[in-house]
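Chain by chain, the residues:
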Amino acid sequence: VNDIACAGGESLFFLDYIACGKNEPDKIATIVSGVAEGCKMSGAALIGGETAEMPGFYPIDEYDLAGFAVGIVDRKDLITGETVKAGDTLLGIASSGIHSNGYSLVRQVFSMTREALDTYYESLGKTLGETLLTPTKIYVNALKSLKTGNIKVKACSHITGGGFYENIPRMLSDGMHAVVHKNSYDIPPIFSMLSTDGAIDEQMMYNTYNMGIGMIVAVDSQDADKAVRLLLAAGETVYTIGEIKAGEKGVTIC
């Protein structure tokens, strides 16, 4: 649904697929309730799905969850990045944490024992396990607030797998270069822990994680202040994190 909103679309419906070694109704119901909550937040209908019990293929206590959303947008309302120009402002909307990418590396860095996950950290304000399980923020209403506020979103980047370096260039047209100022916002402590405990260099961190920014929008510099007010009114934490310059298509983090 974030990807659909990022393209200027509206989510219509969602379907899920759960495969497990043993169908435990209470566990399945808990999983589906989380999916349903996400659908409510995004205005998408949960219209069905599939639950496959596959003993021998999956261990009894493991499961696989997948899903997809379908949305709609008028061609004239598509966010394509074609109108981005030098001088446009980049606004970053805060993430709720690690979101849904980079967990293979997380499991290498942190011990996945009950003791480790239940350890409380003052810097996090909660246990490591609670921090890692913080749900992904859904940005549907945030982007809708810009549209209803008559803000022209020229380009939009959902910071998922590939972090800043792989996602931001996708929102740019040829000849446009994004400059992001890494000190323009507060990076959540979990990313500092990952970097320190895993000895992960800065380049890799920005190429794997959202680093505290889940969605980036490019707007005309004259619209930036109004856009910030609309996003704040929608309950988001938002930062002015950079600007567009003329140059080779790509991103510089400085």
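Residues numbered from 1 in each chain as written. Predicted model: local features only at pLDDT ≥ 70, side-chain atom pairs only at ≥ 80, totals over all residues. Heavy atoms only, no water.

Draft legend 1. View of the sheet that holds strand S11 (residues 250–253). Sheet architecture is open: six strands sit in the order S7-S9-S4-S10-S8-S11, paired in mixed fashion. Of all the strands in the sheet, just strand S7 (155–158) and S11 have a single pairing partner and so form its edges. Averaged over all pairs of adjacent strands, the angle between strand axes in this sheet comes to 25°, irrespective of strand direction. Sheet topology places strand S4 (residues 89–94) next to strand S9 (residues 213–219); six bridges connect them, and they run antiparallel. Paired with Gly-92 across the two strands is Ile-216, which belongs to S9. Relative to S4, helix H10 (residues 224–233) is tilted by about 10°, and along the sheet it contacts S4, S9 and strand S10 (238–246). (Pairing = 2+ DSSP bridges. Helix = DSSP H or I, 4+ residues; strand = E, 2+ residues; numbered from the N terminus. Axes fitted to C-alpha atoms, helices over the stretch in contact; angles between N-to-C directions. Contact = heavy atoms within 4.5 Å.)

Draft legend 2. Structural context of the nonpolar core. Leu-90, Phe-110, Phe-164 and Ile-168 are the most contacted members of the largest nonpolar core, which has 37 residues in total. Top element by residues in this core is helix H8 (residues 189–197). It accounts for four residues. Ignoring any residue separated from it by four or fewer positions in sequence, one finds Phe-110 in contact with Leu-128, Leu-132, Ile-190, Met-193, Leu-194 and Asp-197. (Core = buried A, V, L, I, M, F, W, Y, C linked by side-chain atoms within 4.5 Å. Buried < 20%, exposed > 50% of the residue type's maximum accessible area, 1.4 Å probe, protein only.)

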